[in-house]
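One-letter residues, chain by chain:
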Amino acid sequence: MRAADALCEALKAEGVEHVFGIPGGANLPTYDAIYDADFKHIQARHEQGAGHAAEGYAKASGRVGVAFATSGPGATNLVTAITDAMLDSVPTVFITGQVRTDLIGTDGFQEADVTGITLPIVKHSFLVTDPRQIPEYIHAAFHIASTGRPGPVLVDIPQDLSRADIEYEPAEGPPDLPGYKPPTEGNIKQIRLAAKALANAQRPVIYAGGGIINADASPELIEFATSDKLPVTLTVMGLGAFPAPHDQWLGMLGMHGTRTANYAMDNADLILAIGARFDDRITGKLSEFAPRAKFVHVDVDPAEISKNVPAHIPIVGDAKDVLPKLTREYRALKADSGRLEGWWKQIRAWQAEYPLGYEDSTDSEIKPQFMIEAMYEATEGEAIITSDVGQHQMWAAQYYHFSRPRQWINSGGLGTMGFGLPAAIGAKVARPDDPVVCLAGDGSLVMVCQEFATAAAHNIPVKVFLMNNGHFGMVRQWQELFWDGRYSSVEMGDSPDWAKLADAFGWTGMRCADKRELKDSMRAALEAEGPVLLDVHVSKTENCYPMIPAGAAARDMVG
Amino acid sequence: MEAGTPDLVKLEDLEASRALTGRKHILSLLVENRPGVLARIAGLFSRRGFNIDTLAVGPTDDPDVSRITLTLDGAVHPIDQVTKQLHKLVNVLKIRDMEPDQTISREMALFRVQASVESRAEIMHFAEIFRAKIVDVSRRTLTIEVTGSNDKIDAFERMIRPHGLIEMARTGEVAISRSRPDQ
């Protein structure tokens, strides 16, 4: 069998139904094999788009996302998406073409050292040196990408090797990788210790992140938190892992989190961190982060534990294994729930004093926060929302109350502008029966607007709700607050005419600038056939609050 | 059960382990003998800001496995974090943070020293004390091979430097654990 056909067979054996990519010279044999393959190939219009679509697909479904690119520029265009997948632990496999083996190292046409370039941004990578390795590496790549802490794996295949003839039998069982043994089960003694500390804590907080979603451990998290009345906050990556409208929900924490969540962290005596990594957007000034707390840290990646904040009780393991055991141990202790009454009284006082809010316009002007609230109502809180990066992302995190895992798809770690549209395309391919809305920023969307063509060509009916404020809004906000209002290159002007641009790509383009019409416009966009862009003109200079200024402590929140 | 009963853990008794050990560490890594493995390790060190003091790479008894021995300053780097990051590399098979008192470590060094007629005897005397070997000689220089612990080589360097050290090449330490007496 031709090695490129074996590649497709290996993908099929891994259960692949959809892949994203762009053909080119060095992956011509692969694309010749894809011509007959059983999975569906979705041609993107830029490799970065293919990469983010694969991420959106993976984040919406929990399955491995796959993207193809050719050698050289095709592969380097994937770099942002690969880095994004690394920072957000997204199970993805990237398959790149490479120049012929006799050209490697000669600066051949479209040659780039892609395994070298991507070395710091992959969970693992393979450069094929023998055609028989092609299916073997594909199986290994899927195994590595999807187990332990998920992440991107790159397989770089020289053109001549993918044309060679090889024997191929689908692999049975996991591949032999002597240096890769991801932990799964948490140490029961440590779990017992954590339960005993929690049962004694007077001011506990559960701080959970994207690891809960990757582990499919949302039900287990809810079960544990509600086994007593334990307050819960989530990172931007974790939103949806605990239902937002819930009595024990404190809101998101971190730079643009709620005051309640951040003050609770600041005052906690015990913090249970699960599947979260104490990012600087969470901790603010590290030396003043949660100064009264002891930390139980549960993570499947041992290197995350004590990386930024020293853990008092480290537990290495999969949240799905650890949480039920922790619930069992905790219940057995029959902790006195009454001990938390004082803590809840304090939390309720913060919630009453510092609710999320904004000053709405008195005329037809659409405030950005109002736009998110309208989105929440128009979608009945049920849509899968993808987002770009910036103010709109934070407002969505604050005002769209995510109630289930995999409902919120954003770029948290790398903060990639332009993530939203291709991710929405991937999410819609993975979940065709769910409404998928990309909440875009105008600064972000223009960076990937070629992907309008992808959705049109494949008739992927995503809806883009564009929060158009004519600025790189978050940068403008920082220039206003921290750079004396010296606005340097943050205005975008009114180009393009978004509705016309959408029309030109074969979408339905719509526009709304009046808040009285907004919900109806959104409903019309959701009900219309095919992909729709709704260009929503919002206040140009609204700031996103509350906010912990970079490098400050939680109690120094402003706004 | 009441909160604070002996069965529960008192939060004030909980302590986090210290990140810095304050001493030199020798890490002995067994890695797959494949292209690019050293680049992965070196890349990890550079992007995490870990500074390697010495590094030695060589074969083991198994042709598919290489050994990388590296030394790091535990006063500057959290060794625990270094080893955990290394463990995440798929090509790294095994890592040992060598216990100082249960480890034999050696480094080899070559020194080219100025050796005038007047100083030649003294340098050769130093070499003898350090059980070093003269491996090359010219009218004005001596080349000396020294093997030993890191400290011994440092000491030898201090002794001969005043005579005029022209060039020095050191291998970096390699290490192996001591056998137990009953083995």
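Colleague: I'd like a rundown of the overall build of chain B, residues and numbers included.
Modeller: The helix and strand tally for chain B stands at 4 helices and 9 strands. What you see in chain B, going N to C, is helices and strands ordered as β-α-β-β-α-β-β-α-β-β-α-β-β. Computed over the C-alpha atoms, the radius of gyration of chain B is 22 Å, more than 25% above the 16 Å expected from 2.2 N^0.38 for a compact globule of 183 residues. For chain B, the spread of C-alpha atoms along the three principal axes comes to 85 × 40 × 40 Å. Relative to its full complement of 183 residues, chain B shows a buried share of 25%.

Colleague: Can you explain the overall build of chain A? Please cite residues and give values.
Modeller: In terms of helices and strands, chain A carries 23 helices and 18 strands. Relative to the compact-globule value of 24 Å for 559 residues, chain A shows a C-alpha radius of gyration of 24 Å, a close match. Taken over 559 residues, chain A has a buried fraction of 58%. Contacts in chain A between residues far apart in sequence, at least 24 positions, make up 76% of those at least 6 positions apart.

Colleague: How would you explain the sheet that holds strand β5 (residues 124–127) of chain A if you had to name every residue and give the values?
Modeller: Residue and element names in this part refer to chain A. Taken together, 6 strands build an open sheet; the order of strands is β2-β1-β3-β4-β6-β5 and the sheet is parallel. A single partner strand is all that each edge strand has here, and the edge strands are β2 (40–43) and β5. Going from strand to strand, the sheet's axes swing by 20 degrees on average, the running direction of each strand aside. Pairing between strand β3 (residues 65–69) and strand β4 (residues 92–98): 5 bridges, direction parallel. Paired with Gly 65 across the strands is Thr 92, a residue of β4.

Colleague: Hey, could you go over the sheet that holds strand β3 (residues 65–73) of chain B for me, with residue numbers and the actual values?
Modeller: Residues and elements named next belong to chain B. Read across the sheet, 4 strands follow the order β2-β3-β1-β4 without closing on themselves; strand pairing throughout is antiparallel. Pairing within the sheet leaves two strands with one partner each, and these edge strands are β2 (54–59) and β4 (92–97). Averaged over neighbouring strand pairs, the angle between their axes works out to 15 degrees when direction is ignored. Relative to β3, strand β1 (residues 24–32) is paired through 9 bridges, and the arrangement is antiparallel. By the bridge assignment for β3, Val 31 is matched with Ser 66. Here helix α2 (residues 79–87) sits on the sheet in contact with β1, β3 and β4, set at roughly 165 degrees to β4.

Colleague: Any chance you could break down the confidence of the model for chain B for me, citing the residues and the numbers?
Modeller: Per-residue confidence for chain B gives a mean pLDDT of 92, with 97% of residues at or over 70. Both scores are available for the predicted complex, with the pTM at 0.95 and the ipTM at 0.91.

Colleague: Mind laying out the interface of chain B and chain A, listing which residues take part and the relevant values?
Modeller: Each side of the interface is counted separately: chain B has 28 residues, and chain A has 30 residues. Listed by contribution, the elements that provide at least two residues to the side of chain B that touches chain A are α1 (37–48), α2 and β4 of chain B. No other element matches the 4 residues that α1 of chain B contributes to the side of chain B that touches chain A. Of the residues belonging to the side of chain B that touches chain A, the class tally is 12 nonpolar, 7 polar and 9 charged.

Colleague: So, helix α3 (residues 47–61) of chain A: which residues are in play, and what are the values?
Modeller: All names here are of chain A. Helix length check: α3, at 15 residues, gives a terminal C-alpha distance of 21 Å against a target of 21 Å (1.5 Å per residue), a fit within 8%. Counting buried residues along α3, 14 of its 15 residues qualify, which places the element largely inside the surrounding structure. Taken from the residues just after α3, Gly 62 is the one with a positive phi, measuring 80 degrees.

Colleague: Break down the pairing of strand β16 (residues 463–468) of chain A for me, with residues and values.
Modeller: Residues and elements named next belong to chain A. Counting buried positions over the 6 residues of β16 gives 6, a clear majority of the element. Residues Lys 463, Phe 465 and Met 467 point to one face of β16 and Val 464, Leu 466 and Asn 468 to the other, with burial holding for every one of them. The pairing of β16 with strand β18 (residues 532–537) spans 6 bridges and is classified as parallel. Each residue of the ladder has a partner; that of Val 464, found in β18, is Leu 533.

Colleague: Account for unusual backbone geometry, with residues named and values stated.
Modeller: Residues and elements named next belong to chain A. The omega torsion of the bond from Ser 495 to Pro 496 falls at 0 degrees, within 30 degrees of zero and hence cis. Counting through the fold element by element, Pro 496 comes out in the loop between α21 (473–482) and α22 (498–504). Geometrically, the link from Tyr 545 to Pro 546 is a cis peptide bond, its omega value of -5 degrees lying close to zero. Relative to the elements of secondary structure, Pro 546 occurs in the segment after β18. The phi dihedral of Lys 334 is positive, around 45 degrees, even though this residue is not glycine. With respect to the helices, strands and loops of the structure, Lys 334 is situated in the loop between α14 (319–332) and α15 (341–353). When the 11 C-beta atoms within 10 Å are taken as the criterion, Lys 334 is described as exposed.

Colleague: Account for the environment of Asp 321 of chain A, naming residues and giving values.
Modeller: Take Asp 321 of chain A: it is sitting in helix α14. Distance in space between the C-alpha atoms of Asp 321 of chain A and Leu 103 of chain A is 48 Å, their sequence separation being 218 residues.

Colleague: Describe the pairing of β3 of chain B, listing the residues and the values that go with them.
Modeller: Walk down a regular strand and you will see the side chains alternate between the two sheet faces. All names here are of chain B. Within β3, 7 of the 9 residues are buried, leaving the element largely enclosed by the surrounding structure. Both β2 and β3 contribute to a ladder of 6 bridges, which runs antiparallel. For Pro 59, the partnering residue across the bridge sits in β3 and is Ser 66. Counted between consecutive antiparallel strands, the loop separating β2 from β3 contains 5 residues.

Colleague: Run through the packing of helix α11 (residues 218–225) of chain A against α14 of chain A, naming residues and quoting values.
Modeller: Residue and element names in this part refer to chain A. Contact geometry of α11 with α14 gives a least axis separation of 9 Å together with a crossing angle of 20 degrees. Compared by their axis directions, α11 and α14 come out roughly parallel. Between α11 and α14 the crossing geometry is left-handed. Where α11 approaches α14, its residues Glu 220, Leu 221, Glu 223 and Phe 224 are matched on the opposing element by Ala 319, Lys 320, Leu 323, Pro 324, Leu 326 and Thr 327. When the residues that make up the contact of α11 with α14 are grouped by side-chain class, the tally is 6 nonpolar, 1 polar and 3 charged.

Colleague: Talk me through the packing of helix α1 (residues 3–13) of chain A against helix α7 (residues 133–146) of chain A; I want residue IDs and the actual numbers.
Modeller: Residue and element names in this part refer to chain A. Close contact between α1 and α7 brings their axes to 8 Å; oriented N to C, the two are set at 25 degrees. If you check the angle between α1 and α7, you find them roughly parallel. Along this stretch, α1 crosses α7, giving a crossing that reads as right-handed. Taken together, the residues of α7 that come into contact with α1 (itself represented by Ala 3, Ala 6, Leu 7, Glu 9, Ala 10 and Leu 11) are Ile 134, Pro 135, Ile 138 and His 139. Of the residues contributing to the contact of α1 with α7, the split by class is 8 nonpolar, 1 polar and 1 charged.

Colleague: Talk me through the environment of Gln 190 of chain A; I want residue IDs and the actual numbers.
Modeller: Residues and elements named next belong to chain A. Locating Gln 190 in the fold gives a position in helix α9 (residues 188–200). Given 19 C-beta atoms within 10 Å, Gln 190 falls into the partly exposed group. Separated by 136 residues in sequence, Gln 190 and Leu 326 have C-alpha atoms that sit 9.6 Å apart. When sequence neighbours within four positions are dropped, the list of residues in contact with Gln 190 reads Ile 313, Pro 314 and Ile 315.

Colleague: Got a sec to walk through the environment of Asp 503 of chain A? Specific residues and values, please.
Modeller: All names here are of chain A. Mapping Asp 503 onto the fold places it in helix α22. Asp 503 sits in the partly exposed class, given 14 other C-beta atoms within 10 Å. In this structure the C-alpha to C-alpha distance between Asp 503 and Val 532, which are 29 residues apart in sequence, comes to 9.0 Å.

Conventions and cut-offs
- In this convention, every chain numbers its residues from 1, walking through the sequence in written order.
- Ligands are numbered from 1 and chains lettered from A, in the order in which they are written.
- Local features in this predicted model are restricted to residues whose pLDDT is 70 or higher, and side-chain atom pairs enter the listing and the counts only when it is 80 or higher, whereas totals over whole chains, interfaces and linings include all residues.
- Each helix is a run of H or I in the DSSP string that is no shorter than four residues. Each strand is a run of E no shorter than two, and both are numbered from the N terminus.
- Radius of gyration here uses only the C-alpha atoms, and the compact-globule reference equals 2.2 Å multiplied by the residue count raised to the power 0.38.
- Three exposure classes are used, based on other C-beta atoms lying within 10 Å of a residue's own C-beta, which is placed from the backbone: buried for 20 or more, exposed for 12 or fewer, and partly exposed in between.
- Here contacts are defined at the residue level, using C-beta atoms placed from the backbone and a cut-off of 7 Å between them.
- Here, a strand pair is defined by DSSP locating no fewer than two bridges between the strands.
- Lines fitted to C-alpha atoms define the axes, with helix axes restricted to the stretch in contact, and inter-axis angles between N-to-C directions lie between 0 and 180 degrees.
- pLDDT runs from 0 to 100 and stands for how confident the predictor is about each residue.
- In the scheme used here, Gly and all other residues not listed as nonpolar or charged are polar, with Ala, Val, Leu, Ile, Met, Phe, Trp, Tyr, Cys and Pro taken as nonpolar and Asp, Glu, Lys and Arg as charged.
- In this analysis, the expected span of each helix is defined as 1.5 Å times one less than the number of residues it contains.
- Should an angle lie under 35 degrees it is considered roughly parallel, over 145 roughly antiparallel, and from 65 to 115 roughly perpendicular; all remaining angles are considered oblique.
- In this scheme the crossing of two helices becomes right-handed for a clockwise turn of the near helix relative to the far one and left-handed for an anticlockwise turn of less than a right angle.

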